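# Structural overview
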Amino acid sequence: MVTGGLIAANAGVLREALLDADCREDGRSARESRPVTLKLEHCLQPSHQDKSRAPQVTMASVAVGKTRATATVSARIEETPIDRAHEGSFSLFVDCDRELELAFGQEKQQEASRCLDQLLKHGRALDLESLCIVPGRLAWSIRLDVRVAESDGNVLDACAVAAVAAMKSFVRPDHRVSELASPADGGEGEGEGRSRKAASIVPLEEREGVRLTVHHSPFTVSFVAFAKPAEGGEDGNADDEEGGDDAMDTGERVSGDEGSDDEAEDLRANFVYAIDATLAEESCCDARVVAAADSEGYLRLMRKLGGRPLPRGDLTLLARLACVRARELGAYVEAECRSFDERSRRERVRRKHNPKAGAGSGAGAGGIKLELGQVAAIRPVDEDALGMDLDDRAMAEAASEAEAAGEGPRKVVEMPARPGAGAARAKGRKRRQGPGGGGRKVVARGEGGGGSPAHLRDALAPGYR
Amino acid sequence: MAIMSYEGLRQDGRRWNELRRMQCDLGVVSGADGSCSFTCGRTKIIASCFVVPLSKQKASAARVPTTATAAAAASTAPHVELRVSWLPFATQERRERGRTDRQVVDLEGMLKQTACAMLDASSAVVQKQTASGRGSSGAARGNNMEVQIKVAVLQADGGVRSCCVNALTCAIGMANLVCGCLVVSCGCTAQQLGRTLRETRMLQSRGEEEEGKRLLLDPNGAETTKLGELSLSVTSAADRRQFQDVVSINCEAKLTPEEFEEAVETCAEGCRAVSKFLRRKLLDYMTKVATISSH
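In what follows, the accompanying structure is described. All figures in this text were calculated on a predicted structure; none of them were measured in a lab.

### With respect to the overall build of chain B
Scanning chain B for helices and strands turns up seven helices and eight strands. With 295 residues in all, chain B has 52% of them scored as buried. Of the contacts made within chain B by residues no fewer than 6 positions apart, 72% connect residues no fewer than 24 positions apart. For chain B, the accessible area works out to roughly 13500 Å², and carbon and sulfur atoms hold 51% of it.

As structure tokens, this is what we get:
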């Protein structure tokens, strides 16, 4: 943690280097931002009491330089908000570690929290109407927890990227609405006398989850401004702002009434804007501007509170820069989310077909090492001998997923023998055209050949019972 | 009800570029060093400003620059405490707003930083004019004075942020503190008219309106809820070097950068008018005080 004294001592050096040589403490130029890395994962909610029934949450960890933030999205069924009967609810919390809070300051944390609140909640980034289950009664409630793990400046941007990425890749389980016949169903809607309906969560293993509808994905871009010294040196620094000069000129033209415009321009304070500031830069800057734009290039938020007065034309310049940067970030996050979806889909298929391996969150945690496309052995299976419930939903899903994963049809895949287990052949799988159902179906057969549907389902979906 | 009629008049009979009627009374709070009641249409704000000696506790806390948002500015700007109270009857439906209310916290943070920027003498480009020091009410320079500001929102009908800033400026100006710049504020709608078919037809029928004159200056509550608001606070220095520089800005609507630029320019025009009004009011007050004290 950099202390105030150190910054005060270095402030002059930092400023001089930036103004004169366009060089910042980590060797960047003023318009360069630090690399952003995003990591996404599905995990079980750590705070849940019962580990086996813990709901799945999505966590996005973002690192911008040394700044790190994580965002966790979780969902549960609750009552609808009292004033909006047709909507679910979305709540957002930003917090950081205790000792970090001391260094970081309550104010800044609040500011980040308010910005995200404005962007995501009040800016209606999330479609809340699709979260409603029974109007006026039950709805999904989405909770987003943003946690700052380490702060080296520009916390807000890291938080925004994490929040958006987590919301985009979150999958909530589907729900099943039933007329309240058996209150002990485990649904959250029980115990309400007037309500005739109850909703129960269908586990993700059983049915494909539902994505959140994210209308737009806003990314914040923070800038800090450093004033150039008024006397001299203007011409030397002019090339720092290649796009900036024309924008600033427009501001000048409006403000300068008539006559000696050149003179006014010389005397007017010029500013250098640094994107993605570090902690030291943030603490010795003259003004801070937060802009937010979505990936379509619309400006969503522009906020500057106090600080040195900045020329008006510069704000437009910053708005343009923010749009460009947000588009970059949007493309990056989109790509990451897509590859994560692909990865998690594969993992799920693998876990379904290989239940013991997928006991933990990560697939292949000590189990059969079989890649998806790999076929161990092929043998024909007569359909009548299997005697299975072909209409099992989970099976149908597994089929479509397996197909999506690129397996050839009409094959039975036999897993190779497990190294430790006694069972030589763990599982066989067969896909074929169903006679009545029309869709593709997958049947599996255990070693013993018992193959009752319930047994099968349990074997394939370890978490469900 | 449509935001704008076919004749090009808004709900309250203004044209797109007309401000609401402003009224500014100085010295409404007896006992305060500076106070102002600022009314703009149906929005009414009272701001009062007290200059008190800085307590030891706060002085020691201020000396340790933990966050150091403005390490350089801390030397010249006095310690500022600001409280906003949003009265429950301010809006049409009665609503208690506590200290943790989102809107109140937001407003408080923005006003505090604006006040800091205003009182920070080093932000002025020309140091020698302001630092000559003619502060009458115990020039709050150095670190031994604290400025306590209280802002009460009595009625809120759009443009609350801007009105608060204007009231604050008057209060600080009346207290005659050493300040780097006076700040005036004005808002305009963030989204342009003409998004809907009805509005487009209306604009076509008028014909003479050229493109881009569809932002409404100084929106009231109904217009703000429908179209969003961009509120801009700029310096009102007569000095051209710092003419209408942006002290704070807040825009929470969907805009393209081009629309943003236009909205900022529109606001700046409004700010110019507000600035003229406030300066005249302050000057009137100062001449009155000078006349009384010279007798």
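### A word on unusual backbone geometry
A positive phi angle, close to 55°, is found at Asp22(A), a residue other than glycine. The residue Asp22(A) is located in the loop between helix 1 (4–21) and strand 1 (36–44) in this model.

### A few points about the packing of aromatic side chains
Pairs of aromatic rings are described using the distance from one ring centre to the other and the angle between the two planes. For the structure on display, the rule yields one aromatic pair over all chains. The lysine or arginine in question, Arg97(B), covers the ring of Trp86(B), its NZ or CZ lying 4.7 Å from the ring centre. Over the ring of Tyr298(A) we find Lys254(B); its NZ or CZ atom is 4.4 Å from the centre of that ring.

### Some remarks on the pattern of salt bridges
All names here are of chain B. A complete count under the given rule lists 42 salt bridges over all chains for this structure. Here Asp101 ties to Arg95 by a salt bridge, and the two come within 3.8 Å at their closest N and O atoms. Asp101 gets classed as buried once you look at its relative accessible area, which sits at 12%. On the accessibility criterion, Arg95 (42% relative accessible area) is partly exposed. A network of salt bridges, in which partner residues are shared, links Arg10, Asp12, Arg14, Arg20, Asp218 and Glu223.

### Here's the deal with the sheet that holds strand 1 (residues 22–26) of chain B
Residue and element names in this part refer to chain B. Pairing within the open sheet is mixed, and its five strands lie in the order 1-2-3-5-4. Single-partner strands in this sheet number two, and they are strand 1 and strand 4 (79–86). The sheet shows a mean angle of 15° between the axes of neighbouring strands, direction not considered. Sheet topology note: the strand 4/strand 5 (residues 145–155) ladder contains eight bridges and is parallel. Residue pairing for strand 5: Arg83 is matched across the bridge by Lys150. Against the sheet, helix 2 (residues 102–119) touches strand 4 and strand 5, its axis set at about 145° to strand 4. Those strands touched by helix 7 (residues 257–294) are strand 1 and strand 2 (34–40), and its axis lies near 25° from that of strand 1.

### With respect to the packing of helix 3 (residues 106–122) of chain A against helix 2 of chain B
In contact at an axis separation of 11 Å, helix 3 of chain A and helix 2 of chain B are set at 125° when each is read in the N-to-C sense. The angle between helix 3 of chain A and helix 2 of chain B places the two elements in the oblique class. For the crossing formed where helix 3 of chain A meets helix 2 of chain B, the hand is left-handed. Counted together, Gln110(A), Arg114(A), Asp117(A), Gln118(A) and His122(A) of helix 3 of chain A and Arg102(B), Val105(B) and Asp106(B) of helix 2 of chain B form the full contact between these two elements. Of the residues in the contact of helix 3 of chain A with helix 2 of chain B, the class split is one nonpolar, three polar and four charged.

### Some thoughts on the side chain of Arg28(A)
Residues and elements named next belong to chain A. Among the structural elements, Arg28 can be located in the loop between helix 1 and strand 1. Separated by 3.2 Å, the side chains of Arg28 and Asp26 make a polar contact. Residues contacting Arg28, with those up to four places away along its chain left out, are Asp22, Cys23, Ser33, Arg34, Ile275, Asp276, Thr278 and Glu281.

### Quick word on helix 3 of chain A
All names here are of chain A. When the terminal C-alpha atoms of helix 3 are compared, their 22 Å separation across 17 residues agrees well with the 24 Å that a helix rising 1.5 Å per residue should span. Turning to helix 3, its buried residues are Lys108, Gln109, Glu111, Ala112, Arg114, Cys115, Leu116, Asp117, Gln118, Leu119 and Leu120. Looking one or two residues past helix 3, Arg124 carries a phi angle of roughly 55°, positive in sign.

### Quick notes on the environment of Arg94(B)
Residue and element names in this part refer to chain B. Inspection of the secondary structure puts Arg94 in the loop between strand 4 and helix 2. On the basis of relative accessible area, Arg94 is assigned to the exposed category, the value being 59%. Sequence-wise, Arg94 and Met4 are 90 residues apart; in three dimensions their C-alpha atoms are separated by 28 Å. Residues contacting Arg94, with those up to four places away along its chain left out, are Pro88 and Phe89.

### Some thoughts on the environment of Gln191(B)
All names here are of chain B. In this fold, Gln191 is placed in the loop between strand 6 (183–189) and helix 5 (197–206). Gln191 sits 164 residues away from Gly27 along the chain, and the two C-alpha atoms are 37 Å apart. With residues near it in sequence (within four places) discarded, Gln191 still touches Leu215, Leu227, Ala253 and Lys254.

### Some words on the sheet that holds strand 7 (residues 229–235) of chain B
Strand pairs in the sheet, formed through backbone hydrogen bonds, run parallel or antiparallel to each other. Taken in spatial order, the seven strands of this open sheet run 12(A)-11(A)-13(A)-14(A)-8(B)-7(B)-6(B), and their pairing is antiparallel. In this open sheet, the two edge strands, each paired with only one partner strand, are strand 12 (271–275) of chain A together with strand 6 of chain B. Taken over all neighbouring pairs, the strand axes of this sheet differ in orientation by 20° on average, direction set aside. Where strand 13 (residues 287–294) of chain A lies against strand 14 (residues 299–304) of chain A, four bridges are found, and the strand directions are antiparallel. Across the sheet, the residue bridging to Ala293(A) is Leu299(A), located in strand 14 of chain A. Contacts from helix 3 of chain A reach strand 11 (218–227), strand 13 and strand 14 of chain A within the one sheet, and its direction differs from that of strand 14 of chain A by about 155°. The strands that helix 4 (residues 160–175) of chain B touches are strand 6, strand 7 and strand 8 (246–251) of chain B; relative to strand 6 of chain B, the one it contacts most, it runs at about 165°.

Procedures and definitions
- Residues numbered from 1 in each chain as written.
- Chains lettered and ligands numbered in written order.
- Predicted model: local features only at pLDDT ≥ 70, side-chain atom pairs only at ≥ 80, totals over all residues.
- Heavy atoms only, no water.
- Helix = DSSP H or I, 4+ residues; strand = E, 2+ residues; numbered from the N terminus.
- Buried < 20%, exposed > 50% of the residue type's maximum accessible area, 1.4 Å probe, protein only.
- Contact = heavy atoms within 4.5 Å.
- Areas by Shrake-Rupley, 256 points an atom, 1.4 Å probe, with all protein chains shown as cover.
- Phe/Tyr/Trp six-rings, centres within 6.5 Å; stacked < 30°, edge-to-face > 60°.
- Lys NZ or Arg CZ within 6 Å of the ring centre and 35° of its normal.
- Salt bridge = Lys/Arg side-chain N within 4 Å of Asp/Glu carboxyl O.
- Pairing = 2+ DSSP bridges.
- Axes fitted to C-alpha atoms, helices over the stretch in contact; angles between N-to-C directions.
- Parallel < 35°, antiparallel > 145°, perpendicular 65-115°, else oblique.
- Left-handed = near helix turned anticlockwise from the far one by under 90°.
- Nonpolar A, V, L, I, M, F, W, Y, C, P; charged D, E, K, R; others polar.
- Polar contact = N/O pair within 3.5 Å; in protein donor to acceptor, adjacent residues only side chain to side chain.
- Expected span 1.5 Å × (residues − 1).

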